[in-house]
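What the coordinates show
Here are the chains, one letter per residue:
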Amino acid sequence: MEDNKVVLLDWWASPFAMRVKVALAEKGIKYESKEQNLFNKSQELIEANPVHKKIPVLIHDGKSICESLVILQYIDEVWHDKSPLLPSDPYQRSQARFWADYVEKNLYITGRRVWTGKGEDQEVAKKELIELLKTMEGELGDKHFFGGDTIGFLDVVLVPFTSWFYTYETWGNFSIEAECPKLIEWAKRCLEKESVANSLPHPHKIYEYSFELKKKLGIE
Amino acid sequence: MAEEVKLLKSWSSPFGLRIVWALKLKGIQYDSIDEDLSNKSPLLVQCNPVYKKIPVLIHNGKSISESLVIFEYIEDTWNHNPLLPQDPYHKATARFWVKFGDDKVLPSIWSAFIKQGKEQEDAIDEAIENLKLLEEQLKGKKFFGGEKIGLADLALGWLANLVPVFEEIIGMKIIDEERFPSLLAWMHEFSQVAIIKESWPPHDKLIIKFQALRDRHLAK
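Residues numbered from 1 in each chain as written. Chains lettered and ligands numbered in written order. Predicted model: local features only at pLDDT ≥ 70, side-chain atom pairs only at ≥ 80, totals over all residues. Heavy atoms only, no water.

**Description of the sheet that holds strand β4 (residues 63–66) of chain A**
Residues and elements named next belong to chain A. Across the sheet, 4 strands lie side by side as β2-β1-β3-β4; this open sheet has mixed pairing. Edge positions in the sheet fall to β2 (32–35) and β4, since each of these pairs with one other strand and no more. Across the sheet, the mean angle from the axis of one strand to that of its neighbour is 20°, orientation sign disregarded. With 4 bridges joining them, strand β3 (residues 57–60) and β4 adopt antiparallel strand pairing. Bridge assignment links Leu58 to a residue of β4, and that residue is Ile65. On top of the sheet, helix α1 (residues 15–26) reaches β1 (6–10) and β3; it is set at about 155° to β1, its chief contact. (Pairing = 2+ DSSP bridges. Helix = DSSP H or I, 4+ residues; strand = E, 2+ residues; numbered from the N terminus. Axes fitted to C-alpha atoms, helices over the stretch in contact; angles between N-to-C directions. Contact = heavy atoms within 4.5 Å.)

Quick look at the structure:
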């Protein structure tokens, strides 16, 4: 139906865009994905996100929503009757938001330092990444998912980064599974869900692409 | 049920101040404890083990950290006098600008404050670009939230409180009448609201504190 049109300005390897795809799939929302060229940004992207000119952007009934965590909450509020991402209890919600913010502050930047870094910088970044992931492991505890019995907000926020783990590990020459086995088990549980499996690219695809990405970013 | 609401903050931190404003706007009774951040209390460390930072809201024994997470918790728990619009799209827009304020405006203005020479000039240029976007958002509106103060006003309120302090110390105007008439009008309007005004940290004390901070940064 035209007036319920949902469009996602997307980029296949972006963990931020993957979050939105998982959320939309969890809620069974039909949408059109428009793959963007981040090195030659389209007029559509610039108009939809004039402030940051970044993906993901969700365009719903012609209105743009930017910033992945803002988009996730928007999706949860509009399509509130199916597969809620945030729990209903205010304190539980605050904990999910706190840890999503923790992931947001640290994981992308640290991961990037691991796969693009060298020497001492890379070693420091590796230690920090493991510390971060161990903290998340601690937060998961004995739960099946961060959301409890089903995937929730924090699962959706974190799981896309697992598609980049192989890239971090290979460039960094270390094993995340050896340090954080419970987190890897969690990632495998998530991947059993269609919404996650269909939204995350194969980790090897990302690794193959990382060579080209380094060239494009001007990194040796 | 007897509600127990405690706020761990500091006398000068804009992050604690924004929570004071939110609690007061909702008429929530609370006790506040001003932390000495050079000598953190066991309570602070216990309630915010991840960052050991203020503000921390303790509600009936449960702690919530990170000011933007606390905002949402307050909004979820005390539904009256909503700080966010009902409509999901307008809510998303408010959240976007809250994030923009913290992710972009604040670091750029802080940079402009603690640097000197060419570095300061560049930081000021960046701050101005960010402020121009806020100016555009405000056009024709009394507050970012419209007729009433909303979350974006509380999140950006530090501009009204601290930018005059910074400008006085560095001897330069960043938010000038020519470029930012709406922003200046908003800063004035916001500062005059009784609840906001009565919580303002004393100007002279702020000058001393931030002058010392700038001196320390320049000495590095």
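**Some thoughts on the pattern of salt bridges**
A complete count under the given rule lists 31 salt bridges over all chains for this structure. Taking the shortest distance from any N to any O, the salt bridge between Glu123(A) and Lys126(A) comes out at 3.1 Å. Separated by 3 residues within a single helix, Glu123(A) and Lys126(A) lie in helix α5 (residues 119–140), roughly one turn from each other. On the accessibility criterion, Lys126(A) (11% relative accessible area) is buried. The closest approach of N and O atoms between Lys173(B) and Glu167(B), which form a salt bridge, is 3.0 Å. Through salt bridges with shared partners, one network takes in Glu77(A), Arg93(A), Arg97(A), Glu72(B), Asp76(B) and Arg95(B). (Salt bridge = Lys/Arg side-chain N within 4 Å of Asp/Glu carboxyl O. Buried < 20%, exposed > 50% of the residue type's maximum accessible area, 1.4 Å probe, protein only.)

**Things to note about the environment of Pro87(A)**
Residue and element names in this part refer to chain A. On the secondary structure map, Pro87 appears in the loop between α3 (68–78) and α4 (90–116). C-alpha of Pro87 to C-alpha of Gly147: the two residues are 60 residues apart in sequence and 7.9 Å apart in space. Discounting chain neighbours no more than four positions away, the residues touching Pro87 are Gln92 and Arg93.

**Looking at the UniProt feature "domain: GST N-terminal" (unreviewed entry) in chain B**
Mapped onto this numbering, the UniProt entry gives "domain: GST N-terminal" (unreviewed entry) at residues 3–82 of chain B. Each end of residues 3–82 of chain B is marked by a C-alpha atom, and these two atoms are 19 Å apart; helix forms 36% of the span and strand 21%. (UniProt positions renumbered as here; feature names shortened; annotations may be inferred.)

**Thoughts on the UniProt feature "domain: GST C-terminal" (unreviewed entry) in chain B**
Per the UniProt entry, the sites bearing "domain: GST C-terminal" (unreviewed entry) are residues 87–218 of chain B in this numbering. Measuring from the first to the last C-alpha atom of residues 87–218 of chain B gives 46 Å, for a span that is 76% helix and 0% strand.

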